[in-house]
Every structure is written in structure tokens, then in C-alpha cells.
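Residue-level structure breakdown
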Amino acid sequence: MRFLELKQKEVINCKDCRRLGYVADLEIDPVSGCIKAIIVPGQGKFFTCFGATTEYYIKFCNIVRIGPDIILVDIDACDIRKICDVCD
């Protein structure tokens with residue numbers, strides 16, 4: 001699967017059936033080459049400087065299934081690490 005295909009999939013949390021958004025970035029372990037986490041922009045994020053100032057960092061071990069249109073994750077809302085993204 002290519003990154004472009006992954007970016008077109010919507011991320012949905014199985015715990016509360018909440019739509020988190022679409023994959024914007026990946027964190028990759030430089031030593032092993034494995035995906036460590038997916039990063040999803042918060043609601044209202046447009047390009048990189050407009051809208052919300054948070055991103056959801058979801059560890060790869062919390063991904064339940066990657067389907068043709070969606071990525072299901074199983075995580076408590078309080079366990080999702082929010083990253084502040086301040087634009088200059």
C-alpha cells in the first residue's frame with residue numbers, strides 16, 4: 001500500500017464511533033523502517049496553518065483494521081496524544 005492510498009482513508013475510533021479525520025502523516029522508525037504511528041489533523045485543519053492547532057498521534061498498535069475506505073482504531077479519547085502545531 002502506498003502512502004497516497006493511506007491518506008485517502010478516514011480514521012474512525014471503534015470505542016466511540018467518532019470520525020477523527022484523514023491520515024496526514026506517518027511516523028516511521030528509521031532503524032527498522034516500520035510505521036510507529038499515524039498522524040491525523042484535528043477538526044477544521046486546513047493546509048497547515050489554518051483551523052485547529054492540534055493533531056492526533058495514534059500509535060500503530062492501536063490500529064484494528066485497514067479497510068478499502070477507512071482505518072479502524074481502538075483507543076480511548078483520553079489516550080490520543082495531541083500535538084500542538086503552532087504556525088508562524
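**Some words on a nonpolar patch on the surface**
On the surface, a cluster of nonpolar side chains totalling about 450 Å² of accessible area is made up of M1, I28, I35, F60 and I66. Secondary-structure assignment places M1 in the segment before helix 1 (3-7). Overall, M1 belongs to the exposed group, its relative accessible area being 65%.

**Points about the pairing of strand 1 (residues 10-13)**
Of the two faces of strand 1, the one holding E10 and I12 and the one holding V11 and N13 are both buried throughout. The hairpin formed by strand 1 and strand 2 (residues 18-22) contains 4 residues between the paired strands, and C17 there has a positive phi angle of roughly 55°. As judged from the 4 bridges shared by strand 1 and strand 7 (residues 70-73), these two strands associate in the parallel manner. From the neighbouring strand, N13 faces strand 7, where its bridge partner is V73.

**Here's the deal with the sheet that holds strand 6 (residues 63-66)**
Read from one edge of the open sheet, 4 strands run 2-1-7-6, paired in mixed fashion. At either margin of the open sheet sits one strand with a lone partner, and together these are strand 2 and strand 6. Sheet twist, expressed as the average angle between the axes of neighbouring strands with direction ignored, equals 25°.

**Quick look at the side chain of N13**
Within the fold, N13 resides in strand 1. In this structure N13 comes out as buried when scored by relative accessible area, which is 1%. Reaching out from N13, the side chain makes a polar contact with the side chain of D16 at a distance of 3.5 Å. When near neighbours in sequence (up to four residues on either side) are disregarded, N13 contacts R18, L20, V73, D74 and I75.

**What to know about the side chain of K9**
Checked against the element boundaries, K9 lands in the loop between helix 1 and strand 1. For the buried K9, no salt bridge is present, and the opposite-charge side chain at shortest range is E5, 5.9 Å distant. Side-chain polar atoms of K9 contact the backbone oxygen of P68, separated by 3.0 Å. Setting aside anything within four residues of it in sequence, one finds K9 in contact with M1, G21, Y22, V23, I66, G67, P68, D69, I70 and I71.

**Here's the deal with the environment of R65**
Relative to the assigned elements, R65 resides in strand 6. Here R65 falls in the exposed class, since its relative accessible area comes to 58%. Residue contacts for R65: discarding those within four places in its chain leaves I70, I71 and L72.

**Remarks on the pattern of salt bridges**
Following the criterion strictly, the structure yields 4 salt bridges and no others. Here K15 and D76 are joined by a salt bridge, their closest N and O atoms 4.0 Å apart. One end of the pair, K15, is in the loop between strand 1 and strand 2; the other, D76, is in the loop between strand 7 and strand 8 (81-84), and 61 residues separate them in sequence. By relative accessible area, which is 34% here, D76 ends up partly exposed. K36 is the partner of E27 in a salt bridge, and the nearest nitrogen-oxygen pair spans 3.3 Å. When its relative accessible area of 40% is taken as the criterion, K36 is described as partly exposed.

Reading the values: the criteria
- Residues numbered from 1 in each chain as written.
- Predicted model: local features only at pLDDT ≥ 70, side-chain atom pairs only at ≥ 80, totals over all residues.
- Heavy atoms only, no water.
- Patch = residues over 30% accessible without salt bridge, like charges linked within 9 Å, V, L, I, M, F, W, Y side chains within 5 Å.
- Areas by Shrake-Rupley, 256 points an atom, 1.4 Å probe, with all protein chains shown as cover.
- Salt bridge = Lys/Arg side-chain N within 4 Å of Asp/Glu carboxyl O.
- Helix = DSSP H or I, 4+ residues; strand = E, 2+ residues; numbered from the N terminus.
- Buried < 20%, exposed > 50% of the residue type's maximum accessible area, 1.4 Å probe, protein only.
- Pairing = 2+ DSSP bridges.
- Axes fitted to C-alpha atoms, helices over the stretch in contact; angles between N-to-C directions.
- Polar contact = N/O pair within 3.5 Å; in protein donor to acceptor, adjacent residues only side chain to side chain.
- Contact = heavy atoms within 4.5 Å.
- Lys, Arg positive; Asp, Glu negative; His and termini not counted.

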